[in-house]
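# Examination of the molecular architecture
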Amino acid sequence: MMYKMSDGNVFYHVPKTGGRAYKAYAGKEAGATEQPRITGNPNTGHAVANRHPEGKIVRVVIRDPVDRFLSAYYFTQRCSKSGPHKNTGAILKVKKYGWQDNPYEMCKKILNSGVNDIDKLKFFHFNTQYSWHKKLNPSKVEYIDFRDLNFKKRLGKAPPRKSTDDESSLNEIIDSVRVLYKKDYDYFQSISKIENITSTWM
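It should be emphasised that the depicted structure is a prediction, and the values quoted were computed from it without experimental measurement. (Residues numbered from 1 in each chain as written. Predicted model: local features only at pLDDT ≥ 70, side-chain atom pairs only at ≥ 80, totals over all residues. Heavy atoms only, no water.)

## Describing the overall build of the protein chain
Quick note on the threshold: A run of DSSP states H or I qualifies as a helix once it reaches four residues; a run of E qualifies as a strand once it reaches two. Both are numbered from the N-terminal end. Think of it in three bands: residues with accessible area under 20% of the maximum for their type are buried, residues over 50% are exposed, and the middle band is partly exposed, with areas taken using a 1.4 Å probe on protein chains only. Residues count as neighbours in contact if any of their non-hydrogen atoms are within 4.5 Å of one another.
In terms of helices and strands, the protein chain carries eight helices and four strands. N-terminal to C-terminal, the α/β element order of the protein chain is β-β-α-β-α-α-α-α-β-α-α-α. Looking at the protein chain as a whole, 45% of its 202 residues are labelled buried. In the protein chain, the share of contacts with a sequence separation of at least 24, taken over all contacts with a separation of at least 6, comes to 72%.

## Here we look at the packing of aromatic side chains
The criterion, for reference: Any Phe, Tyr or Trp ring, taking Trp's six-membered ring, that has another such ring centre within 6.5 Å forms a pair; planes under 30 degrees apart are called stacked, those over 60 apart edge-to-face, and the others tilted.
Applying the stated criterion to the full structure yields ten aromatic pairs. For the ring pair Phe 124 and Trp 132, a centre distance of 5.5 Å and an interplane angle of 80 degrees mean the geometry is edge-to-face. Take Phe 124: its relative accessible area is 29%, and that puts it in the partly exposed class. The exposure class assigned to Trp 132 is buried, which follows from its relative accessible area of 1%.

## Examining the pairing of strand E3 (residues 58-62)
Heads up, the rule is: The pairing criterion is simple: DSSP has to find at least two bridges between the two strands.
Among the five residues that make up E3, five are buried, leaving the element largely enclosed by the rest of the structure. By the alternation rule, side chains of E3 split into Val 58, Val 60 and Ile 62 and Arg 59 and Val 61, which are all buried. The sheet contact formed by strand E2 (residues 10-12) and E3 spans three bridges and is parallel. Paired with Val 10 across the two strands is Val 58, which belongs to E3. Sheet analysis places E3 next to strand E4 (residues 141-145), joined by five bridges and oriented parallel. Each bridged residue has a counterpart across the sheet, and for Val 58 the counterpart in E4 is Val 141.

## Overview of the side chain of Glu 167
Its location among the elements puts Glu 167 in the loop between E4 and helix H6 (170-180). Given a relative accessible area of 5%, Glu 167 falls into the buried group. Non-local contacts of Glu 167, meaning those with residues more than four positions away in its chain, are made with Leu 70, Tyr 74, Pro 103, Lys 162 and Ile 173.

## Things to note about a positive patch on the surface
The condition that has to hold: Candidate patch residues must exceed 30% relative accessible area and have no salt bridge, after which like charges are joined if within 9 Å and Val, Leu, Ile, Met, Phe, Trp or Tyr side chains if within 5 Å. In short, Shrake-Rupley with a 1.4 Å probe defines the accessible areas, and a residue's cover is counted only from the protein chains shown. One side-chain nitrogen of Lys or Arg within 4 Å of one carboxyl oxygen of Asp or Glu is enough to make a salt bridge. Counting rule for charge: Lys and Arg are taken as positive, Asp and Glu as negative, and neither His nor the chain ends is counted. Where a charge lies is defined by one atom per residue type: Lys uses NZ, Arg uses CZ, Asp uses CG and Glu uses CD.
A cluster of basic residues, Lys 93, Lys 122, Lys 134 and Lys 135, forms a positive patch on the protein surface. Mapped onto the elements, Lys 134 comes out in the loop between helix H5 (129-133) and E4. Overall, Lys 134 belongs to the partly exposed group, its relative accessible area being 48%.

## Describing the nonpolar core
Note the following rule: Residue types Ala, Val, Leu, Ile, Met, Phe, Trp, Tyr and Cys, when buried and joined through side-chain atoms within 4.5 Å, form a set referred to as a nonpolar core.
Formed by 38 residues in total, the largest nonpolar core has its most connected members in Tyr 12, Phe 69, Phe 126, Tyr 143 and Tyr 181. Per-element accounting of this core gives the leading share, six residues, to helix H2 (residues 65-79). Apart from the residues within four sequence positions on either side, Tyr 12 is in contact with Met 1, Met 2, Ala 47, Val 48, Ala 49, Val 58, Arg 59, Val 60, Trp 132 and Leu 136. Membership of the second largest hydrophobic core comes to eleven residues, among which are Tyr 3, Ala 21, Tyr 22 and Ile 38.

And the structure:
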């Protein structure tokens with residue numbers, strides 16, 4: 001979903017990239033600073049951009065595909081058990097596919113089924129960032145590093161998950177994500193101006 005900002009440009013909220021944290025930081029209630037503010041509805045929401053808005057700079061947060069996959073895994077697992085998202089189509093679809101005990105087992109199940117592109121499963125929160133970005137013009141995008149967002153104030157009631165570095169079978173997960181999210185790696189690698197953000201992912 002695109003949110004209007006005070007400087008006439010827009011913020012694009014892509015799932016599992018810390019969009020809620022950015023909106024809390026740049027929201028209209030956040031106070032006046034030189035930082036452009038979101039002037040539209042600050043509530044969460046997602047819709048794929050079918051074109052780059054004419055004459056606008058699009059601000060979008062980008063995230064390490066491994067960290068984002070883990071976030072999507074734990075988010076959908078938690079939501080499948082309780083909460084307002086429990087019976088949404090996005091959560092029920094993953095639940096029907098079948099949960100595995102940990103993220104690596106989930107990766108193995110997907111790859112062993114012959115799927116090597118996560119977008120083919122149409123798991124909303126797991127879809128590649130590329131699938132959300134592909135209609136954007138990179139020369140007119142302001143990419144924001146997920147790691148630069150301020151998470152000192154937890155948003156909502158979701159419990160914090162363990163650090164990616166503490167994840168069991170991390171090397172195996174990384175290898176799996178590089179296959180399932182190849183479009184993300186190829187896409188981000190093609191944009192030279194974000195090398196300072198993506199260099200540690202590649």
